[in-house]
Amino acid sequence: MPFNIYAILVAALVTLVIGFVWYNPKVFGTIWMKETGMTDEKARQSNMLKVFGLTIFYSLMLSLIMPALVIHQMGALGMIGGDPTLAKPSYEAFLADYGMAFRTFKHGALHGFMSGLFIALPITAINGLFEQKSWKYILINAGYWIVSMTIMGGIICGWE
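Residues numbered from 1 in each chain as written. Predicted model: local features only at pLDDT ≥ 70, side-chain atom pairs only at ≥ 80, totals over all residues. Heavy atoms only, no water.

J.: Describe in detail the overall build of the protein chain, supporting the description with residues and values.
T.: Of regular secondary structure, the protein chain possesses eight helices and zero strands. In sequence order, the protein chain lays out its α and β elements as α-α-α-α-α-α-α-α. Over its C-alpha atoms, taken along the principal directions, the protein chain stretches across nearly 60 × 30 × 25 Å. Looking at the protein chain alone, contacts between residues at least 24 apart form 82% of all its contacts between residues at least 6 apart. Looking at the protein chain as shown, the accessible area adds up to about 10200 Å², and 71% of this sits on carbon and sulfur atoms. (Helix = DSSP H or I, 4+ residues; strand = E, 2+ residues; numbered from the N terminus. Contact = heavy atoms within 4.5 Å. Areas by Shrake-Rupley, 256 points an atom, 1.4 Å probe, with all protein chains shown as cover.)

J.: Help me get a handle on helix 7 (residues 105–130), residues and values and all.
T.: Helix length check: helix 7, at 26 residues, gives a terminal C-alpha distance of 36 Å against a target of 38 Å (1.5 Å per residue), a fit within 8%. The largest bend in helix 7 amounts to roughly 30 degrees and is located at Gly 116. Those residues of helix 7 lying buried are His 107, Gly 108, Ala 109, His 111, Gly 112, Ser 115, Gly 116, Ala 120, Thr 124, Ala 125 and Gly 128. In this structure, the buried side of helix 7 is in contact with helix 4 (48–70) and helix 8 (135–158). (Expected span 1.5 Å × (residues − 1). Bend = angle between axes of the 7 residues up to and from the residue. Buried < 20%, exposed > 50% of the residue type's maximum accessible area, 1.4 Å probe, protein only.)

J.: An account of the packing of helix 1 (residues 5–22) against helix 4 is needed here, citing residue identities and associated values.
T.: Orientation of helix 1 relative to helix 4, taken along the N-to-C sense of each, is 130 degrees, at an axis distance of 8 Å. By the angle between their axes, helix 1 is oblique relative to helix 4. Between helix 1 and helix 4 lies a crossing whose hand is right-handed. Only Phe 52, Thr 55, Ile 56, Ser 59, Leu 60, Ser 63, Leu 64 and Pro 67 of helix 4 make contact with helix 1, whose side of the interface consists of Ile 8, Leu 9, Ala 11, Ala 12, Thr 15 and Leu 16. For the contact of helix 1 with helix 4, the per-class residue count stands at ten nonpolar, four polar and no charged. (Axes fitted to C-alpha atoms, helices over the stretch in contact; angles between N-to-C directions. Parallel < 35°, antiparallel > 145°, perpendicular 65-115°, else oblique. Left-handed = near helix turned anticlockwise from the far one by under 90°. Nonpolar A, V, L, I, M, F, W, Y, C, P; charged D, E, K, R; others polar.)

J.: Give a description of the packing of aromatic side chains that names residues and reports values.
T.: Scanning the entire structure with this criterion turns up six aromatic pairs. Taken together, a centroid distance of 5.3 Å and an interplanar angle of 65 degrees make the contact between Tyr 23 and Trp 32 edge-to-face. With relative accessibility at 22%, the residue Trp 32 sits in the partly exposed group. Consider the rings of Phe 57 and Tyr 58, whose centres lie 5.3 Å apart with planes at 65 degrees: the pair is edge-to-face. Assessed through its relative accessible area of 45%, Phe 57 is described here as partly exposed. Through a chain of ring-to-ring contacts, the aromatic side chains of Tyr 23, Trp 32, Tyr 144 and Trp 145 assemble into a single cluster. In this arrangement the basic side chain of Lys 133 is found over the ring face of Tyr 137, its NZ or CZ atom lying 5.3 Å from the centre. (Phe/Tyr/Trp six-rings, centres within 6.5 Å; stacked < 30°, edge-to-face > 60°. Lys NZ or Arg CZ within 6 Å of the ring centre and 35° of its normal.)

J.: Can you explain the nonpolar core? Please cite residues and give values.
T.: Met 66, Val 70, Met 152 and Ile 156 are the most contacted members of the largest nonpolar core, which totals 18 residues. No other element matches helix 8, which puts seven residues into this core. Discounting chain neighbours no more than four positions away, the residues touching Met 152 are Ala 11, Ala 12, Val 14, Thr 15, Ser 59, Leu 62, Ser 63 and Met 66. (Core = buried A, V, L, I, M, F, W, Y, C linked by side-chain atoms within 4.5 Å.)

J.: Would you mind going over the side chain of Ser 148 in detail, with residue names and values included?
T.: Within the element layout of this structure, Ser 148 appears in helix 8. Ser 148 gets classed as buried once you look at its relative accessible area, which sits at 0%.

J.: Which residues make up helix 4, and what values go with them?
T.: With 23 residues, helix 4 ought to run about 33 Å at 1.5 Å a step, and its terminal C-alpha atoms sit 31 Å apart, in line with that. Along helix 4, the helix axis deviates most sharply at Leu 64, where the bend reaches about 25 degrees; the proline Pro 67 sits within four residues downstream. By the burial criterion, the buried members of helix 4 are Ser 59, Leu 62, Ser 63, Met 66, Pro 67 and Val 70. Its buried side turned inward, helix 4 meets helix 1, helix 5 (73–79), helix 7 and helix 8.

This is the structure:
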């Protein structure tokens with residue numbers, strides 16, 4: 001199963017694009033700023049090179065694990081230890097029969113959505129609850145990750 005580095009890189013950039021829209025003042029940005037106590041002045045004091053650089057780095061980390069979450073064939077690869085050259089003939093037969101099954105944007109988006117709902121939402125909610133943040137804050141941030149992971153999953157699964 002070839003690793004599509006282009007899909008990984010494009011998927012990593014999704015978080016920036018979604019974030020640009022999601023946290024725009026005309027969408028959820030104003031509410032998010034109010035819920036976090038962020039001000040325009042405080043935002044301008046940020047080291048944007050550091051913020052965007054680390055955002056890309058962490059988004060890349062997330063996109064690197066997404067194939068395991070959204071591509072069924074990665075499970076078959078894992079069952080043989082990750083090295084197809086050491087596989088028995090049954091692995092090749094399996095791939096011949098099912099190698100591209102469920103490899104669509106739509107199917108990857110479904111798994112990306114489920115990953116966001118069952119991984120990102122609980123993590124965001126637990127942190128928000130302990131930080132005594134509002135449900136608006138929790139749902140805005142979790143929603144961002146659910147949408148981002150949905151699109152990332154679609155890209156990674158659908159792009160062969």
